[in-house]
Amino acid sequence: MLSATLPSLNAGFVLPGDPSWDHARSAFNLTLDQHPAAVALPADARDVAAAVAYARAAGLRVAPQGAAHNQGPLGNLEGTLLLNTSALQEVNVDPAARRVRVGAGVKWERVLGRLNAYGLAALHGSSPDVGVAGYSLGGGIGWLSRKFGLQSNAVTALELVTADGTLIRTDAEHDPDLFWALRGGGGSFGVVTAIEFEVQPLDRLYAGAMFFELDRAGDMLHTWHELLPEFPEELMSWASVIHFPPAPFVPEFARGRSLAIIMAAHLGAEAEGRDLLAPLRALGPVRDTFAMVPPIVLSDLAMDPLDPLPFRLTSALVDTLPVDELMTTIETAGPALTVAQFRHMGGAIARETPGAGARATLPGEICAMGLGVVMDEDGDAAVRGALAEFDAHLRPHRAGDYANFVEVPVDASAFFTPDVWTRLRAVKATYDPTDLFKGNHHVPPA
Ligand SMILES: Cc1cc2nc3c(=O)[nH]c(=O)nc-3n(C[C@H](O)[C@H](O)[C@H](O)COP(=O)(O)OP(=O)(O)OC[C@H]3O[C@@H](n4cnc5c(N)ncnc54)[C@H](O)[C@@H]3O)c2cc1C
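The protein has the name FAD-binding oxidoreductase in an unreviewed UniProt entry, where Solirubrobacter deserti is given as its organism. As its UniProt record puts it under Sequence similarities (unreviewed entry), the protein is described as follows: "Belongs to the oxygen-dependent FAD-linked oxidoreductase family." Under the UniProt heading Cofactor (unreviewed entry), the entry covering the protein gives this text: "FAD".

See below:
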């Protein structure tokens, strides 16, 4: 039962029993069944401050939620106000300064077309449906990351409502410790209302996908894996095996098919890109979409689902891939392992730059991710089994974990070195000593 008087937010509060309750409390992953005390839908930063003040007075905690792609780690939301930022939709691009400012509810899809028109590109990831805020607060590995690093470190300023209900702007000069913590430390420090970040000049690049029949998956993975040490930072490549549903978001020729795929983005000339990928092309793709393209092509190159779906996910940052073992699981699991994806890491992702945030770098040569779509109870058992096996093959080669790809509640200290974790907890104690804010991968106060 909510005790304090509800403030009159423009876009309102949604309470259990309200007609829109189930929609308001939902997340992208439909296996989640979130039961917060209430959901706030603030229309602007002032509303956010009012909602935070209300929660404090009512003895509730506050969990910020953007596009809801990583809500699994939040766990139990009893006694918690879910603060949904989806109405904060400002998008401003300053092409001369190569700076973008977006409201906390903005998804990448609203930014990328505008940048493309100016010959600019952001360090976004595989899905245009993901929220800029959640992605940037947790790290952000995308197509340009081997060259330009993690999105967290492209962030130049953040505006947020802190635990005492004030709206502040933080950057390298203002509340620098908080600015450091937010860039990788996630949603434990306040409710971000706006985020500003740097983007890169990029007119055209050599990018696309090569699709192979499923029986070529082993050869494709071996060849890709062997090529990685030769690939320059200008080339980002992902190797995947995907069982596509017959859904509209899937390119027509791939609908309902199981395919092995190399996707890549090369910041350079076509001839150079072709040379780098030649050993993979020699394996005989059944379709090859590589061409010189504008950066907007990267927004949906990965063919990620755009609508919520029920899934389980596992991931690991590894130094090397046990390809033969993984292929055994890929072959036996079939569609229970709906997506097995391996992303090349290293380059600027592994190099700390001056002024970087709490997520300065990520370890590992490869980011491995296994995802299973859960259709029913039997299917769930098969998905869990496949992901457990996938995980077991990777464990001996593990270099670390990437928080944004961890979909279950875990001890967040595992994502950081002891020094970074200690500093994050100290910042939390300064800005939120009573632990009002519940982040997805939570940082408790020191
Ligand atoms: C289909 C799919 C594709 C993906 N592809 C990539 C990829 O290519 N690269 C990559 O790095 N990641 C990727 N991710 C992971 C993604 O980066 C994380 O799920 C990210 O947290 C999503 O942010 P969100 O706003 O969409 O989700 P949310 O679940 O809304 O946000 C996640 C957490 O961020 C914090 N947060 C969000 N908004 C705020 C705010 N305004 N103030 C304070 N805290 C806030 C909260 O703690 C929240 O629980 C992908 C995820 C999915 C589902």
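Scanning the model with the defined rule gives 24 salt bridges in all. Between Arg98 and Glu198 there is a salt bridge whose closest N-O contact spans 3.7 Å. Residue Arg98 is found in the loop between strand 5 (91-94) and strand 6 (99-103), and its partner Glu198 is found in strand 10 (residues 191-198); the two are separated by 100 residues along the sequence. A salt bridge links Arg351 to Glu233; its shortest N-O distance comes to 2.8 Å. With a gap of 118 residues between them, Arg351 in the loop between strand 18 (339-344) and strand 19 (366-373) and Glu233 in the loop between helix 7 (217-227) and strand 13 (235-243) connect regions that are remote in the sequence. Note on Arg351: relative accessible area 42%, which makes it partly exposed. Since its relative accessible area comes to 26%, Glu233 is described here as partly exposed.

To summarise the sheet geometry, strands pair through backbone hydrogen bonds and adopt either a parallel or an antiparallel arrangement. If you walk across this open sheet you meet the four strands as 1-2-4-3, and the pairing is mixed. Whereas interior strands pair on both sides, the edge strands pair on one side only; in this sheet they are strand 1 (13-14) and strand 3 (61-65). Two elements, strand 1 and strand 2 (residues 38-40), share two bridges in a ladder whose sense is antiparallel. Bridge pairing in strand 2 links Val14 to Val39. In the packing of helix 2 (residues 45-58) onto the sheet, contacts are made with strand 1, strand 2, strand 3 and strand 4 (80-84), and the angle to strand 4 comes to roughly 175 degrees.

Looking now at the domain arrangement of the protein. If you check the domain split of the protein, you get domain 1 (13-84), domain 2 (91-201 + 411-431) and domain 3 (205-405). Taking only C-alpha atoms, the centre of domain 1 and the centre of domain 2 are 21 Å apart. Counting from both sides, the interface comprises eleven residues of domain 1 and, opposite them, 14 residues of domain 2. Both faces considered, domain 1 and domain 2 share a buried interface measuring about 900 Å² in area, 73% of it formed by carbon and sulfur atoms. The tally of links from domain 1 across to domain 2 stands at zero salt bridges. Where domain 1 touches domain 2, the interface holds two residue pairs in polar contact (both at pLDDT 80 or more). For the side of domain 1 that touches domain 2, the secondary structure elements donating two or more residues are helix 2 and strand 3. Considering every element that reaches the side of domain 1 that touches domain 2, the biggest residue donor is helix 2, with five residues.

This brings us to the site of the ligand. The ligand sits among 33 residues. The nearest are Gly66, Ala68, Ser126, Ile141 and Tyr402. Ala67 places a polar main-chain atom, nitrogen or oxygen, 3.2 Å from an oxygen atom of the ligand. Within the contact set of the ligand, an oxygen atom lies 2.7 Å away from a backbone nitrogen or oxygen of Ser126. When the ligand is considered free in solution it has 950 Å² of accessible area, and contact with the protein chains removes 96% of it. Elements represented by at least two residues in the shell around the ligand include exactly strand 3, helix 4 (132-138) and strand 10. In terms of residue count, the dominant contributor to the shell around the ligand is helix 4 (four residues). The residue makeup of the shell around the ligand, split by class, is 14 nonpolar, 17 polar and two charged.

Calculation criteria
- Residues numbered from 1 in each chain as written.
- Predicted model: local features only at pLDDT ≥ 70, side-chain atom pairs only at ≥ 80, totals over all residues.
- Heavy atoms only, no water.
- UniProt positions renumbered as here; feature names shortened; annotations may be inferred.
- Salt bridge = Lys/Arg side-chain N within 4 Å of Asp/Glu carboxyl O.
- Helix = DSSP H or I, 4+ residues; strand = E, 2+ residues; numbered from the N terminus.
- Buried < 20%, exposed > 50% of the residue type's maximum accessible area, 1.4 Å probe, protein only.
- Pairing = 2+ DSSP bridges.
- Contact = heavy atoms within 4.5 Å.
- Axes fitted to C-alpha atoms, helices over the stretch in contact; angles between N-to-C directions.
- Domains from an automatic or database assignment.
- Buried area = accessible area lost by both parts, 1.4 Å probe.
- Polar contact = N/O pair within 3.5 Å; in protein donor to acceptor, adjacent residues only side chain to side chain.
- Near = heavy atom within 4 Å.
- Areas by Shrake-Rupley, 256 points an atom, 1.4 Å probe, with all protein chains shown as cover.
- Nonpolar A, V, L, I, M, F, W, Y, C, P; charged D, E, K, R; others polar.

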